[in-house]
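# Working through the structure, step by step
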Amino acid sequence: MARSPQQKSGARTPLALPQLAGAEAEDFVATAIADLLKSKIPFLVAGTFAVSAYTGISRLTKDLDIFCKAGDYTRILNHFQSLGYTVEIEDDRWLGKVYKGKLFFDVIFSSPNGTMLVSDAWFEHALTVKINANTVSIVAPTELVWSKSFIQLRERYDGADVAHMILKTHDQIDWHRLLNYMDAHWEVLLVHLLNFRWIYPSERDRVPPWLIDELLRRLAAQRELPLPQTKICRGRMYSRADYEVDVTEWGFADVGGDVEMRTGNKE
């Protein structure tokens, strides 16, 4: 099984690998990982590959998620462009893509909402596994849960991945570090933990009681305070498109607070 954060030496066999759509996709992923390793640029494998490695769930995937620090983002794109791949900067705030024909992998250094910046800590806590003939570092369970907590779009919801990661890697998650990452958005963490408790009632003890107590104390303290004066729709941190009407028609400020509107102006 995947090793705990304390086990730093030696790569382990992942519990499972995702299913790629045919031999061409398998060759592409193997070659892309080999080219990444040859580049000597630090990177982490995330997404479905990491979830499969930890949980044993093998599902169909169409791409590969590569995480890196912001300073290495353009270095990776430039490296692959020099090798004849086609590169694309889909969103310079967090995402680039590397193509070979129709096949591609994502190069990610942050999240769309800007809350999750890949840092040195991600590499300090990374684990190593064998993917085919290559030894690669994968995102640790703590950071993997964090990276998936805000993926809640109409066409894609990663709540099941979060629940499965808690179920299978609860003893590898650094709960203090996770709370620190999500401190400003503790309600998102609380919702995921309550969701886990509801899905797996017999496994409630996999989340430490002190964390539930701390989040519920925050909720109780929040209820004693007046409502915020600025109407903000933080749903845009999940999905800008799904919550567009809130900003364009219903008078809520966007995540950055670009429109200030007092609650006293409610219709």
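Here is what the cut-offs are and how they apply
Residues numbered from 1 in each chain as written. Predicted model: local features only at pLDDT ≥ 70, side-chain atom pairs only at ≥ 80, totals over all residues. Heavy atoms only, no water. Helix = DSSP H or I, 4+ residues; strand = E, 2+ residues; numbered from the N terminus. Buried < 20%, exposed > 50% of the residue type's maximum accessible area, 1.4 Å probe, protein only. Arc of directions from axis to C-beta. Contact = heavy atoms within 4.5 Å. Phe/Tyr/Trp six-rings, centres within 6.5 Å; stacked < 30°, edge-to-face > 60°. Lys NZ or Arg CZ within 6 Å of the ring centre and 35° of its normal. Axes fitted to C-alpha atoms, helices over the stretch in contact; angles between N-to-C directions. Parallel < 35°, antiparallel > 145°, perpendicular 65-115°, else oblique. Left-handed = near helix turned anticlockwise from the far one by under 90°. Nonpolar A, V, L, I, M, F, W, Y, C, P; charged D, E, K, R; others polar. Expected span 1.5 Å × (residues − 1). Polar contact = N/O pair within 3.5 Å; in protein donor to acceptor, adjacent residues only side chain to side chain. Pairing = 2+ DSSP bridges. Salt bridge = Lys/Arg side-chain N within 4 Å of Asp/Glu carboxyl O.

A few words now on unusual backbone geometry. In this structure, K40 is a non-glycine residue whose phi angle is positive, near 65°. Phi is positive for N132, close to 60°, though the residue is something other than glycine. When you line up the elements, N132 lands in the loop between β8 (127–131) and β9 (134–138). When its relative accessible area of 53% is taken as the criterion, N132 is described as exposed.

A few words on helix α3 (residues 70–82). Side chains three or four residues apart in an α-helix point the same way, a direct result of the helix having 3.6 residues per turn. For α3, the full list of buried residues reads D72, Y73, I76, L77 and F80. Angularly, the buried residues of α3 cover 145° about the axis, an arc narrow enough to put them on a single face. Turned more than 90 degrees away from the buried face of α3, the exposed residues are G71 and S82. The secondary structure elements touched by the buried residues of α3 are α1 (23–39), β5 (86–91), β6 (95–100) and β7 (103–108). After α3 finishes, the residue G84 shows a positive phi value of roughly 100°.

Tallied over the entire structure, the rule returns ten aromatic pairs. Between the aromatic rings of Y99 and F104, the centroid separation amounts to 5.4 Å while the plane-to-plane angle is 40°, which identifies the pairing as tilted. With a centroid separation of 6.1 Å and 45° between ring planes, the pair formed by F150 and Y238 is classed as tilted. With F150 in the loop between α5 (141–149) and α6 (159–169) and Y238 in the loop between α9 (209–223) and α10 (244–248), the pair connects residues that are 88 residues apart, well separated along the chain. Sitting over the ring of Y85, K100 keeps its end group 4.2 Å from the ring centre.

The next thing to look at is the packing of helix α8 (residues 186–199) against α9. Interhelical geometry of α8 versus α9 gives an angle of 125° and a closest axis separation of 10 Å. One element, α8, and the other, α9, form an angle in the oblique class. Where α8 crosses over α9, the handedness of that crossing is left-handed. In contact with W186, E187, L189, L190, L193 and R197 of α8, α9 contributes L211, I212, L215, L216, R218, L219 and Q222. Grouping the constituent residues of the contact of α8 with α9 by class yields nine nonpolar, one polar and three charged.

A few words on α9. A rise of 1.5 Å per residue sets the reference length of α9, with its 15 residues, at 21 Å; its end C-alpha atoms lie 21 Å apart and thus fit the reference within 8%. Considered for burial, the residues of α9 that qualify are L211, I212 and L215. Considered in projection along α9, the buried side chains sweep an arc of 100° and stay on one side of the axis. In α9, the exposed residues that point more than 90 degrees away from the buried face are P209 and R217. Where α9 is buried, its residues touch α7 (175–181) and α8.

This paragraph deals with the side chain of T55. Relative to the helices and strands, T55 is located in helix α2 (residues 47–55). Overall, the relative accessible area of 9% leaves T55 in the buried class. Only 2.7 Å separates the side chain of T55 from the backbone oxygen of V51, close enough to count as a polar contact. Polar side-chain contacts of T55 include one of 3.1 Å to the backbone nitrogen of I57.

Moving on: the pairing of strand β4 (residues 64–67). Neither face of β4 is exposed, since L64 and I66 on one face and D65 and F67 on the opposite face are all buried. Across two bridges, the pairing between strand β2 (residues 44–45) and β4 is antiparallel. Bridge assignment links V45 to a residue of β4, and that residue is I66. In this sheet, β7 lies alongside β4 in parallel orientation, the contact comprising four bridges. By the bridge assignment, L64 is partnered in β7 with F105.

Per the stated rule, a full pass over the model turns up 19 salt bridges. For R93, the salt bridge is made with D91, and the minimal N-O distance between the two is 2.8 Å. Classification of D91 as buried rests on a relative accessible area of 18%. E214 serves as the salt-bridge partner of R218, at 2.8 Å between the closest nitrogen and oxygen. With R218 and E214 both in helix α9 and four residues apart, this pair spans about one turn of that helix. Judged by relative accessible area, E214 falls into the partly exposed class, the value being 21%. A single salt-bridge network, built from bridges that share partners, covers R59, K148, R156, D158 and D161.

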